[in-house]
Amino acid sequence: MLKSACIMLNYILRRCFYSIWVIAGVLALTFILFNMSAGDPAAAVLGKNALPEEIENFRRSIGGDLPLFFGKNCKTEAFTNWNGESGKVVIERNFKRENIVAKITFDDKSSCEKKIADEAKEAVFTAPDGKKIVKIEFFHQQKSPWNSQLKKSLSEIISFKSEFPYVTFFNFGTTLITREPITGVILRGMGPSLSLMLPIFAGEIICGIIFALLAVACVGTMTDRTITLLAIASMSVSYLTAIIFGQWLLGYHLEWFPVWGYENITNYFLPVFIGILCGTGSNIRFFRTVFLDELRKEYLRTAAAKGCSSFTLYGKHLLRNSLIQIITRISAGLPFLFTGSLLLESFFGIPGLGFAGVEALNTSDLQLLKALVFSSALLFVIMNLLADLAYAWADPRIKLE
């Protein structure tokens, strides 16, 4: 017993070590997507008529003014960047900020830097003889070159402090729009998402297994063909089409269910029904294939020849020996219990994490989107680890070596 516990602990520690590299890869991808490719969120959040000082303060609050990896030059709106072609350029100061440096680019691709006096109300640039200025960029110079967007992204995952608590994890700050703590937004949205997705997930798995077993027990008959046909039809209908048609028929026309809100348990009946209806088809097809493959094996044919009852044959032997594939299917869907459904939550007004994700997309709240993406990746890593441990429980032949 002690040896088995040591083997399992060793396996868990090794998997956790490998997971660190997976999380590092996810962090790198999210950094590329949200810091390098997404652009400046200031214009999207503040609008076109925002003052330069407002843009500057917003960028500083989210670290958007910092260099990507390394350097002392930070973006600034103290002076407006200039593009054109002239021998002399005069640019007025927008607001006071110290340690401003201008990078001047000439028409022959050469460049130089010029420090702007802190008390100067305007900056004057004159090109040398035979050259013209084509571009001027302004930067605020910080003291440490290591203060960068990459460092800030790493500190969101883990940061160290000189006072208690000395270490903090997954501190993504506040949302860009409402300035709420992102941790609070995620925790608040997790409840409605679980309330919606848990019955959908359980219904999909249970209905998928039951109908797949029925199809396998009647393989080649009209029952099998009917179940397969309905499963394919369920897979073929668009989720969006099912939601709109379900709301129109069962909500507006027949008035059986409410179509918006989550105050009452009846608000969940229609989205749960649509979710199970759309998701069961793929589960039936998957489990039917798994059960048919298992049914062809010698031990089941021997059990049937010895007169085993259908309940024992299908419910005990077949189902028990198909647990590996069932666990694989379940583990792939478990993270979505927490992250929610984008379409269902948006169309039915359920304020879960899926709804929060859609709102973040509509408002360009990159900070919240980054937290949701990273949280989803972390859940997948955890669920994969739990699935591997469940494999060893389901099949003793699998060793956690």
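Heads up: these notes are all about the structure in this document. Not measured: the values here are computed from a predicted model. (Residues numbered from 1 in each chain as written. Predicted model: local features only at pLDDT ≥ 70, side-chain atom pairs only at ≥ 80, totals over all residues. Heavy atoms only, no water.)

**With respect to the overall build of the protein**
No. 1: Of the regular secondary structure elements, the protein holds 15 helices and nine strands.
No. 2: Its C-alpha atoms give the protein a radius of gyration of 30 Å, more than 25% over the compact-globule value 21 Å for 401 residues.
No. 3: Over its C-alpha atoms, taken along the principal directions, the protein stretches across nearly 100 × 65 × 45 Å.
No. 4: Taken across its 401 residues, the protein has 40% of its residues classed as buried. (Helix = DSSP H or I, 4+ residues; strand = E, 2+ residues; numbered from the N terminus. Rg over C-alpha atoms; globule rule 2.2 N^0.38 Å. Buried < 20%, exposed > 50% of the residue type's maximum accessible area, 1.4 Å probe, protein only.)

**Regarding the pairing of strand 4 (residues 100-106)**
Successive side chains on a regular strand alternate, one facing one side of the sheet and the next facing the other.
No. 1: Judged by how many residues are buried, strand 4 sits mostly within the fold: six of seven residues are covered.
No. 2: Sheet topology note: the strand 4/strand 5 (residues 111-116) ladder contains six bridges and is antiparallel. By the bridge assignment for strand 5, isoleucine 104 is matched with cysteine 112. (Pairing = 2+ DSSP bridges.)

**Quick word on the nonpolar core**
No. 1: The biggest cluster of nonpolar side chains holds 33 residues, and the ones touching the most others in it are Leu196, Ile274 and Phe291.
No. 2: When contributions to this core are tallied by element, the ones reaching two or more residues are helix 5 (182-217), helix 7 (239-253), helix 8 (269-295), helix 9 (298-305), helix 10 (310-321), helix 11 (323-333) and helix 13 (342-348).
No. 3: Here this core takes nine residues from helix 5, the largest share from any one element.
No. 4: Dropping the residues within four chain positions of it, leucine 196 is found in contact with Tyr268, Pro271, Val272, Leu344, Glu345 and Ile350. (Core = buried A, V, L, I, M, F, W, Y, C linked by side-chain atoms within 4.5 Å. Contact = heavy atoms within 4.5 Å.)

**A look at the packing of helix 6 (residues 222-236) against helix 8**
The description of two helices packed together rests on the angle between their axes and the distance between the axes.
No. 1: In the contact formed by helix 6 and helix 8, the axes pass within 7 Å of each other and the chain directions differ by 130 degrees. Relative to helix 8, the element helix 6 lies oblique. Regarding helix 6 and helix 8, the two cross each other, and that crossing is left-handed. Here helix 6 contributes Asp224, Ile227, Thr228, Ala231, Ile232, Ser234 and Met235 to the contact with helix 8, which in turn contributes Leu277, Cys278, Gly281, Ser282, Ile284, Arg285 and Arg288.
No. 2: Looking at the contact of helix 6 with helix 8 residue by residue, the classes come out as seven nonpolar, four polar and three charged. (Axes fitted to C-alpha atoms, helices over the stretch in contact; angles between N-to-C directions. Parallel < 35°, antiparallel > 145°, perpendicular 65-115°, else oblique. Left-handed = near helix turned anticlockwise from the far one by under 90°. Nonpolar A, V, L, I, M, F, W, Y, C, P; charged D, E, K, R; others polar.)

**As for the side chain of serine 234**
No. 1: Mapping serine 234 onto the fold places it in helix 6.
No. 2: If near-sequence neighbours (up to four positions away) are discounted, serine 234 is found in contact with Leu277, Cys278 and Gly281.

**Considerations on the pattern of salt bridges**
No. 1: Here the structure, examined in full by the defined rule, presents eight salt bridges.
No. 2: A salt bridge links glutamate 77 to arginine 59; its shortest N-O distance comes to 2.8 Å. Of this pair, glutamate 77 sits in the loop between strand 1 (73-75) and strand 2 (82-86) while arginine 59 sits in helix 3 (residues 52-62), placing them 18 residues apart in sequence. Of the two residues, glutamate 77 and arginine 59, both sit in the buried class.
No. 3: Here lysine 131 and aspartate 108 are joined by a salt bridge, their closest N and O atoms 3.5 Å apart. Of this pair, lysine 131 sits in the loop between strand 6 (122-126) and strand 7 (133-141) while aspartate 108 is found in the loop between strand 4 and strand 5, placing the two residues 23 residues apart along the sequence.
No. 4: For lysine 131, a relative accessible area of 29% corresponds to the partly exposed category.
No. 5: The partly exposed category is assigned to aspartate 108, whose relative accessible area is 41%.
No. 6: A network of salt bridges, in which partner residues are shared, links Lys152, Glu156 and Lys370. (Salt bridge = Lys/Arg side-chain N within 4 Å of Asp/Glu carboxyl O.)

**Description of the environment of tryptophan 146**
No. 1: The residue tryptophan 146 is located in the loop between strand 7 and helix 4 (149-157) in this model.
No. 2: Once the C-alpha coordinates of tryptophan 146 and threonine 221 are considered, the two residues, 75 residues apart in sequence, prove to be 70 Å apart.
No. 3: Contacts of tryptophan 146, omitting those with residues within four sequence positions, involve Phe70 and Lys151.

**Quick look at helix 6**
No. 1: Its 15 residues place the ends of helix 6 21 Å apart at the C-alpha level, agreeing with the 21 Å of an ideal helix rising 1.5 Å per residue.
No. 2: Buried within helix 6 are the following residues: Asp224, Ile227, Thr228, Ala231 and Ser234. Along the long axis of helix 6, the arc covered by the buried residues comes to 120 degrees, so they all point the same way. Exposed residues pointing more than 90 degrees away from the buried face of helix 6 are listed as Met222, Arg225, Leu229, Leu230 and Ser236.
No. 3: Of the surrounding secondary structure, the elements contacted by the buried residues of helix 6 are helix 5 and helix 8. (Expected span 1.5 Å × (residues − 1). Arc of directions from axis to C-beta.)

**Some details on the state of the cysteines**
No. 1: The tally for this structure, following the rule as stated, stands at zero disulfides.
No. 2: Cysteine 207 supplies the cysteine sulfur nearest to cysteine 278, a cysteine that is in no disulfide, at a spacing of 13 Å.
No. 3: Residue classification places cysteine 278 among the buried positions, given a relative accessible area of 14%. (Disulfide = S-S within 2.5 Å.)

**Considerations on unusual backbone geometry**
No. 1: One non-glycine residue with positive phi stands out, namely glutamate 255, at about 60 degrees.
No. 2: A relative accessible area of 64% places glutamate 255 in the exposed class.
No. 3: The phi torsion at serine 364 lies on the positive side, around 60 degrees, for a residue other than glycine.
No. 4: Residue position: serine 364 is located in the loop between helix 14 (353-362) and helix 15 (366-394).
No. 5: The class of serine 364 is partly exposed, set by a relative accessible area of 25%.

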